[in-house]
Amino acid sequence: CTSKDTDYLVAQFDGSHIESVGMLKMDFLGLKTLSIINDAVEYIRKSKGVTIDIDNLPLDDEKTFEVFSRGETTGLFQFESPGMKRYLKDLKPNRFEDLIAMNALYRPGPMDYIDSFVNRKHGRERIVYDFPIMEEYLKDTYGITVYQEQVMQLSRAMAGFTRGEADTLRKAMGKKNRKMMDEMKEKFITGCSNNGLDKAKVEKVWTDWEAFAQYAFNKSHSTCYALVAYQTAYLKAHYPAEFMAAVLSRNSSDIKKISFFMDECRRMNINVLGPDINESDLKFTVNKAGDIRFGLGAIKGLGEAAVKAVIEERDQNGPFTSIFGFIERVNLYAVNKKSIEAMAMAGAFDTFANIRREQYFALTSDKETNFIEALIKYGNRMTMEKNSRQQSLFGDSTSFGPTLPVLPDAMEWTMLEKLNKEKDLIGIYLSAHPLDQYKLEIRTFATVTLAQLNQMDDYKDKDVSIAGIVTGVHHGMTKTNKPWGWASLEDYSDSFKITLFGRDYLSYKNYFTVGYSLLIKGKVQEKQFPPDSHELEFKIGSIHMLAEVKEELVKSISIKVPLQIIDEDFIAEMEQFTSGKNGKVLLRFTVVDPAENITLDMFSRNRRVVLNDDFMHFLDNTEQIDYRIN
């Protein structure tokens, strides 16, 4: 047939027959990680003035291995799954060979050997070799056969195989060719016997290899993967902001991944800032303060041509100092009304003093045009003025140009309005999150995140509590004229859809309102209808408004205080927080004297406390205090 988009003729062969007809089969892998590395190196050059020779990194860098040992491998090629992170924390790799081995072992089958591999590395399990000759080839993997190359080397050393025979054994293993394996077994046992090796032990080695054949991995393949992983870890360890900016840029089309990697940035104490007319490029970048800045290209409705026009003008003539200067300078054919609206709503103009986002959309004094429309008219008049001056032989020195439009007053958007507009344009909440004001309630009462609940099999027959904001709803009637509906809930990690029918719907439908922040308790169980479907559902038990959780569910707070910090200042501060009359939460104390190993429990009979932001900030920022909400 003819190849798509070309005139080349293409013939199709089954992969297993390619070599038998004298052809070479090659696999070509496109790897996004290589682009991430390339982007990160370029970001480092721009922000730090450092040129990284990525192909000649030292392979014994301590900070890089610390990233692996702590399991902080989000964004690292081949090493970012939860299971791999857990094993890395146990293994604490400190040499490149450990990474090669883990890459090969972490797959179905060889995973059974990981615990032994870890224990042998740390001396908790004895390393045993069936024959002394095997130590030379298995030493790097602590006596465990991990790679096809090890089998090839051992077959030559133990049985005198030629290089060709060793490669035939590798192929037989890799393709799980039973007939060929049986032929090679006979040759292997005969060869080992000729070299004086005990037949019973040789049989055991071969039995181990047959089990190994189910998952045999190529060391050269694993080494290449491990090297790419090491390069990403090196960049993350030494240039975290630039590396994460590259990761975000290459995943910018997937909002879930953007949210996921932004969570990792927060864990790393890296600020991810919204788009800015003076700092943003097309994609994510790192600013002079070391923060990651969203790209203008992430704003919906702002085309790449408009972004390039803005950046080109800024690069040529310097930063924009006001919205009027911006309008006067940019090409209003490339940067049109829709583009300006999108940038204003997404916060790209927040850098300009004395003007808020909502004012761009407020009506001017004529009550017919909003401020953006007035700006565009002003910009067009300025362009015409400039053009007419250029066409005049002497110029018009007496002209003062168009009058600046007057900034209108506007009612300030609520935080939720502002965040929802951000989300509409960028896909995520940027300046803050609607749930930020309920962090205490979520931390205390929510037992799983929505991302975790989406893995329902992990929570079958378990009671769970979730928290989130309602982002979408639907109310309807079934074919049998019964009410039903669904609500889409979102938290920091993911979204989750809850569907209700009949009485459940009637009981909880009033909570199905966009913008409501909810705490929902329920159970993961098999659906009752249709019977025997074995599908799982989240069955709601109760719903609370997050704004009312403190009032309805919090009964007491227990504060654990070391004796040595109790002084007049501490008592005065506690007095300040408990002297009001509005407090309803019981206050309990556990005073601890570590020197004498004594604890004293007490509670206040006549004082109650309000769990407001000031009080919680005091507890969170007073060293040595622990607290628990009940």
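Definitions and cut-offs
- Residues numbered from 1 in each chain as written.
- Predicted model: local features only at pLDDT ≥ 70, side-chain atom pairs only at ≥ 80, totals over all residues.
- Heavy atoms only, no water.
- Pairing = 2+ DSSP bridges.
- Helix = DSSP H or I, 4+ residues; strand = E, 2+ residues; numbered from the N terminus.
- Axes fitted to C-alpha atoms, helices over the stretch in contact; angles between N-to-C directions.
- Contact = heavy atoms within 4.5 Å.
- Phe/Tyr/Trp six-rings, centres within 6.5 Å; stacked < 30°, edge-to-face > 60°.
- Buried < 20%, exposed > 50% of the residue type's maximum accessible area, 1.4 Å probe, protein only.
- Parallel < 35°, antiparallel > 145°, perpendicular 65-115°, else oblique.
- Left-handed = near helix turned anticlockwise from the far one by under 90°.
- Nonpolar A, V, L, I, M, F, W, Y, C, P; charged D, E, K, R; others polar.
- Patch = residues over 30% accessible without salt bridge, like charges linked within 9 Å, V, L, I, M, F, W, Y side chains within 5 Å.
- Areas by Shrake-Rupley, 256 points an atom, 1.4 Å probe, with all protein chains shown as cover.
- Salt bridge = Lys/Arg side-chain N within 4 Å of Asp/Glu carboxyl O.
- Polar contact = N/O pair within 3.5 Å; in protein donor to acceptor, adjacent residues only side chain to side chain.

K.L.:
Pulling in residues and values, what's your account of the sheet that holds strand β9 (residues 556-562)?
P.N.:
Spatially, four strands are ordered β11-β10-β9-β12 in an open sheet, and the strand pairing comes out mixed. Both outer strands of the open sheet, β11 (598-609) and β12 (626-629), are each paired with one neighbouring strand and no more. The sheet shows a mean angle of 20° between the axes of neighbouring strands, taken without regard to direction. Across seven bridges, the pairing between β9 and strand β10 (residues 585-593) is parallel. Note on β10: the bridge partner recorded for I557 is L587. On the sheet, helix α23 (residues 568-578) packs against β9, β10 and β11 and is oriented at approximately 35° with respect to β11.

K.L.:
Quick one: what's the story with the packing of aromatic side chains, residue by residue and with numbers?
P.N.:
Per the counting criterion, the structure on display carries 25 aromatic pairs. For the ring pair F188 and W209, a centre distance of 5.0 Å and an interplane angle of 45° mean the geometry is tilted. Here F188, found in helix α9 (residues 178-194), pairs with W209, found in helix α10 (residues 199-212); they are 21 residues apart in sequence, far enough to count as distant. Here F188 falls in the buried class, since its relative accessible area comes to 0%. Assessed through its relative accessible area of 2%, W209 is described here as buried. Look at F570 and F618: their rings are 6.2 Å apart centre to centre, the planes differ by 35°, and that puts the pair in the tilted class. Placement of F570 in helix α23 and of F618 in helix α24 (residues 613-620) is noted, with a sequence separation of 48 residues between them. Just as F570 is buried, F618 falls in that class too.

K.L.:
A description of the packing of helix α16 (residues 337-346) against helix α18 (residues 415-426) should follow, citing residues and the corresponding values.
P.N.:
For the pair α16 and α18, the least separation of the axes is 8 Å and the interaxial angle reads 130°. Taken together, the axes of α16 and α18 are oblique relative to one another. In the packing of α16 onto α18, the handedness of the crossing is left-handed. In contact with A342, M345 and A346 of α16, α18 contributes K421, E422, L425 and I426. The residue inventory of the contact of α16 with α18, partitioned by class, reads five nonpolar, no polar and two charged.

K.L.:
Can you break down the sheet that holds strand β2 (residues 285-286) residue by residue, with the values?
P.N.:
Either a parallel or an antiparallel arrangement is found when strands of a sheet pair, and the pairing is made through backbone hydrogen bonds. One open sheet accounts for three strands, arranged β1-β3-β2; its pairing is mixed. Either end of the sheet is taken by a strand with one partner, and the two such strands are β1 (272-273) and β2. The pairing of β2 with strand β3 (residues 292-293) spans two bridges and is classified as antiparallel. For T285, the partnering residue across the bridge sits in β3 and is R293.

K.L.:
Go over a nonpolar patch on the surface with me, naming the residues and quoting the values.
P.N.:
Judged by side-chain polarity, F13, V21 and M23 come together as a nonpolar surface patch covering roughly 270 Å² of accessible area. Mapped onto the secondary structure, V21 falls in the segment before α1 (32-48). Judged by relative accessible area, which is 49%, V21 ranks as partly exposed.

K.L.:
Run through the pairing of β9, naming residues and quoting values.
P.N.:
Each regular strand displays side chains that alternate between the two surfaces of the sheet. Within β9, six of the seven residues are buried, leaving the element largely enclosed by the surrounding structure. Direction of pairing for β9 relative to β12: antiparallel, over a ladder of four bridges. Within β12, the residue paired with I557 across the bridge is I629.

K.L.:
Account for the side chain of E441, with residues named and values stated.
P.N.:
By the secondary structure assignment, E441 is in helix α19 (residues 439-445). Contacts of E441, omitting those with residues within four sequence positions, involve A446, L546, V549 and K550.

K.L.:
How would you sum up helix α5 (residues 114-121)? Please name residues and give values.
P.N.:
Judged by how many residues are buried, α5 sits mostly within the fold: six of eight residues are covered. Regarding α5, the residues found buried are I114, S116, F117, V118, R120 and K121. Buried-residue contacts for α5 involve α3 (82-91) and α4 (96-105). Phi for G123, located one or two positions after α5, is positive at around 75°.

K.L.:
Can you explain α16? Please cite residues and give values.
P.N.:
Among all positions in α16, only S339, I340, A342, M343, A344 and A346 are buried. Near the N-terminus of α16, the side chain that reaches the backbone nitrogen of K338, with its oxygen 3.2 Å away, is that of N336. Positioned one or two residues after α16, G347 has a phi angle of 90°, which is positive.

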